[in-house]
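Remarks on the overall topology
Each chain, written out:
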Amino acid sequence: MSAIKPLQPAMLRRHCDPESFSFETTAELEELTEIVGQARAVEAVRFGIDIRREGYNLFVLGPPGIGKHSLVRQFLEQEVGAKPTPADWCYVNNFEQPHKPHVLRLPPGQGQTLCQDMSQLVEELRTTIPAVFDSEDYRTRKQGLEEEFKEREEKAFAELKRRATEHGFALMKTPVGLAFAPVQDGHVLTPEQFDKLSATEQERITTKLTELQEQLQTTIQQGPRWEREFRERLKALNHEITLLAVGHLVDELREKYVELPEVVNYLNAVQQDIVENTDDFRPAEEPSPAAALGFSLPGPVKDSSPFRRYQVNLLVDNSATQGTPVIYEDHPTHQNLVGKVEHLVTQMGALTTDFTLIRPGALHRANGGYLVLDAHKVLLQPYAWEQLKRALRSGEIRIESLQQIFGLISTVSLEPEPIPLQVKIVLVGERLLYYLLYTYDPDFAELFKVEADFEEQMERTPENDLLYARLVGALARKEGLRHFDRTAVAQVIERSARLAGDAEKLSTHMQSIADLLREADYWAGQAGRPVVSAGDVQQAIEAQIYRADRLRQRIQEEMQRETILIDTQGEKVGQINGLSVMTLGSYAFGRPSRITARVWLGKGQVVDIEREVELGGPIHSKGVLILSGFLGARYALERPLSLSASLVFEQSYSGVEGDSASSAELYALLSALAEAPLKQSLAVTGSVNQHGQVQAIGGVNEKIEGFFDLCRARGLTGTQGVLIPAANVKHLMLRQDVVEAAAAGKFQIYPVETIDQGIEILTGLPAGERDEAGNYPEGSLNQRVETRLAALADKWRAFSAPPEAKQKGQP
């Protein structure tokens, strides 16, 4: 097996040559018009916007900070500027059922005009109607009507009085009403005089008195009918007079809105209501003494502003909207999505409401356009997600409070007429939310059929490097930053590759890039430079790391003080330096860990101590179980695997997860079996499969740098280094100081493909391959492992033999 050589310094970090750029600063670059690195997402958003079919709403998915919100908004604003402006929506009074307000749809800008027209109509009527009722014509006609009924009443009583006189009776007013009394010689008979009359005369008077009383009762009963007739004729007169005042004004409005039948119908209803409620426009009667003194008497509460019912509640005003609206609702509660009905506190603490207190939601404002929502925020709000789906399924916006929906109130409230909904919803969220909703919400797949998946990386090519330079220039212009020279752009590109964790990729995490540009601009300003240079970018990177690496420094300090035991020189059997990554917020760093292995006679079980004490995660446990498969397949094809082994991360007091240390654990196990010491100047990372192949892992740069920092603090000897999977070489974007140490021969990075390659580097012994007879070369590490396992198997067989066999010396 050929020896594995350390990587050349050029392979440890892919540099961006500033000389490859033809510009001096980003000020010379043309404006960026495309969205960088998101071709798939842009195509999906364009498709979702253009298709006009039910259920084709969008879900934009990707990690936080990648620029989903800003990119979606930018794209939408570019795409929808030329599209038609949606209609205005108004709520008006339903005069027949006031608790069910009507909705009116008007061309954009006409809603505000209708509001003004109705306000002006009411103001004119408040002066015109009192004027016509104070006119001489109305007074004359009313007086004539009053005199007519007064004369009718007087004639009836005069006729009754004449009949009474003819029969010797007088019509008299008494404290209890009108009454007849017999008259003789011009005087009313007293009871004594009546008693002196003959029986025949008394009977005649009594009979006639009864007839007159019946006639009087008939006349009196006609009074209410005459009064009712008078009121009806007076009301008809008032209607006629009011119609003369209102008719021409409403006719002008009907002519103005003749092309809007719904508005014309509303104006007809307004005219009818004004005619029926003329008294609201006439001067109020004199207040009662109690009211004049400020007292409120029990009874129904009268509307303090009777003219509110003629107002127009302009719910959505698109008069200032250019094209299709794009609405982003930052706080998508149930009410903020579908609207609400507010209430007023009136007398005695009572709550009242009417159609003028209906308030719009985000769906109303975005109707006919686009509504952008954060999926996580929507799901956090009670019933907001269900109400959003209900609106999309039904195609209408129905304003209901949660109390109404859940039946928590029994009082009568407003039931506004639903508004037809035509909106494109754009949900923005993480991938996990998308897949959870798709799996567990049966409505989700029907309502959100377009997913726009944002890329976290883009290819690193010369063309994309130039595109990235234009992106830097665009962000500098947008943020008002100093422009960047080409060395600074090259440094930003290298940092972007490091953020992507891949030398062949560039990060599309816009928040991280924008933050780096802002901070580099700050340091350039501190230095008094008009243009940002590479030094400013590097200073910004180092400042970011310094602000976040307190814990890394503490861990490194404890390693140097040997509180945390990590060897960086010498050799040990069954002991190796593994590498892991710790992530705190946005900062990740590598941490060396001592891994040890012990073996003894047993039943072929490899004990993961981390798993036994429930500190190991399932992926880590899987990696350890793979080791048993590797040992059995390689060394125990013809005999049982008769060992027990334990593996542990020393001084680990928190959870361990991931399989990136499985190769290190296998190296420690092989070392313990072969009793071959491992070089402590080397650290290892990489996962392993059952065939002994070393597989790629994540965080390779952070892991290498973590061990390098410890070695540098103790003094670089030239023998120190890290073994990494060969598949991770393309991911290397190491710090410049690591590259320089490798170039000076003080630190090595070894790419390994198999366990055999790695064990040779760690022990200095050949791994060995089986010959034609199936035997490993004498003195090779594999031969030593196999011999040790064979000895353990023999001991186990002897130990497990029956007592009779042991006495006879039988195996």
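Residues numbered from 1 in each chain as written. Predicted model: local features only at pLDDT ≥ 70, side-chain atom pairs only at ≥ 80, totals over all residues. Heavy atoms only, no water.

Attention shifts here to the nonpolar core. In globular proteins that are soluble, nonpolar side chains generally tend to be buried together. In this structure, Ile576, Leu631, Tyr667 and Leu670 are the most contacted members of the largest nonpolar core, which totals 45 residues. Those elements that place two or more of their residues in this core are strand S22 (587–601), helix H22 (618–635), strand S24 (643–649), helix H23 (662–674), strand S26 (682–684), strand S30 (748–752), helix H26 (755–763) and helix H27 (781–800). A per-element tally of this core places H23 first, with nine residues. If near-sequence neighbours (up to four positions away) are discounted, leucine 631 is found in contact with Val606, Ala636, Leu641, Leu666, Leu669, Leu670 and Leu673. (Core = buried A, V, L, I, M, F, W, Y, C linked by side-chain atoms within 4.5 Å. Buried < 20%, exposed > 50% of the residue type's maximum accessible area, 1.4 Å probe, protein only. Helix = DSSP H or I, 4+ residues; strand = E, 2+ residues; numbered from the N terminus. Contact = heavy atoms within 4.5 Å.)

As enumerated under the stated definition, the model contains 20 aromatic pairs in all. Relative to phenylalanine 23, the ring of phenylalanine 21 lies with its centre 5.1 Å away and its plane at 35 degrees, an arrangement referred to as tilted. The two residues phenylalanine 21 and phenylalanine 23 agree in class, both being buried. Ring geometry for phenylalanine 47 and tyrosine 56: centres 6.1 Å apart, planes at 80 degrees, overall edge-to-face. Judged by its relative accessible area of 41%, phenylalanine 47 falls in the partly exposed class. (Phe/Tyr/Trp six-rings, centres within 6.5 Å; stacked < 30°, edge-to-face > 60°.)

Quick look at the sheet that holds strand S8 (residues 326–329) now. Judged by pairing direction, the sheet is parallel, and its five strands sit side by side in the order S8-S13-S16-S1-S17 without closing on themselves. Of all the strands in the sheet, just S8 and strand S17 (450–453) have a single pairing partner and so form its edges. The average undirected angle you get between the axes of adjacent strands in this sheet is 20 degrees. Where strand S1 (residues 58–61) and strand S16 (residues 424–429) come together, four bridges link them in parallel fashion. Counted as the bridge partner of leucine 58 is valine 426 from S16. Relative to the sheet, helix H14 (residues 431–440) contacts S1, S16 and S17, its axis offset from that of S1 by approximately 140 degrees. (Pairing = 2+ DSSP bridges. Axes fitted to C-alpha atoms, helices over the stretch in contact; angles between N-to-C directions.)

Over its 16 residues, helix H7 (residues 261–276) extends 23 Å from the first C-alpha to the last, a length consistent with the 22 Å expected when each residue adds 1.5 Å. For H7, the full list of buried residues reads Val263, Val264, Tyr266, Leu267, Val270, Gln271, Asp273, Ile274 and Val275. (Expected span 1.5 Å × (residues − 1).)

Counted under the stated rule, the structure contains 48 salt bridges. Between lysine 256 and aspartate 117 there is a salt bridge, with its nearest N and O atoms 2.9 Å apart. Of this pair, lysine 256 sits in helix H6 (residues 199–256) while aspartate 117 is found in helix H3 (residues 110–133), placing the two residues 139 residues apart along the sequence. Taking the relative accessible area as the measure of exposure, lysine 256 reaches 47% and is therefore partly exposed. On the basis of relative accessibility, which here comes to 11%, the residue aspartate 117 falls in the buried class. A salt bridge links arginine 554 to glutamate 557, with the shortest nitrogen-to-oxygen separation between them at 3.3 Å. Of the two residues, arginine 554 and glutamate 557 both sit in helix H20 (residues 550–560), three residues apart, roughly one turn of that helix. Looking at arginine 554, the relative accessible area reads 37%, which means it is partly exposed. Taking the relative accessible area as the measure of exposure, glutamate 557 reaches 31% and is therefore partly exposed. Among the charged side chains, a network of salt bridges with common partners joins Arg498, Asp549, Arg552, Glu702, Glu705, Asp709, Arg712, Arg735 and Asp737. (Salt bridge = Lys/Arg side-chain N within 4 Å of Asp/Glu carboxyl O.)

Looking at the protein as a whole, the pLDDT averages 85, with 90% of positions reaching at least 70. Note on residues 286–304: pLDDT under 50 across the span, and five contacts to partners over four residues away in sequence or across chains. (pLDDT = per-residue confidence, 0-100.)

Let us now look at the packing of helix H17 (residues 486–500) against helix H19 (residues 534–548). Helices that pack against each other are described as a pair by the angle of their axes relative to one another and the distance between those axes. Axis separation between H17 and H19 bottoms out at 7 Å; the angle between their running directions is 35 degrees. Contacts between H17 and H19 involve Thr487, Ala488, Gln491, Val492 and Arg495 from the first element and Ala534, Val537, Gln538, Ile541 and Gln544 from the second.

For the rest of this paragraph, the subject is the sheet that holds strand S2 (residues 88–92). Here we have three strands laid out as an open sheet, ordered S3-S2-S7, and antiparallel in their pairing. The sheet is open, and its two borders are formed by strand S3 (102–106) and strand S7 (313–316), each paired with just one other strand. Here the strands of the sheet are splayed against their neighbours by 30 degrees on average, with no regard to which way each runs. In this structure, S2 lies alongside S7, joined through three bridges in antiparallel fashion. By the bridge assignment for S7, tryptophan 89 is matched with valine 316. In the packing of H7 onto the sheet, the strands contacted are S2 and S3, and the crossing angle to S3 comes to about 135 degrees.

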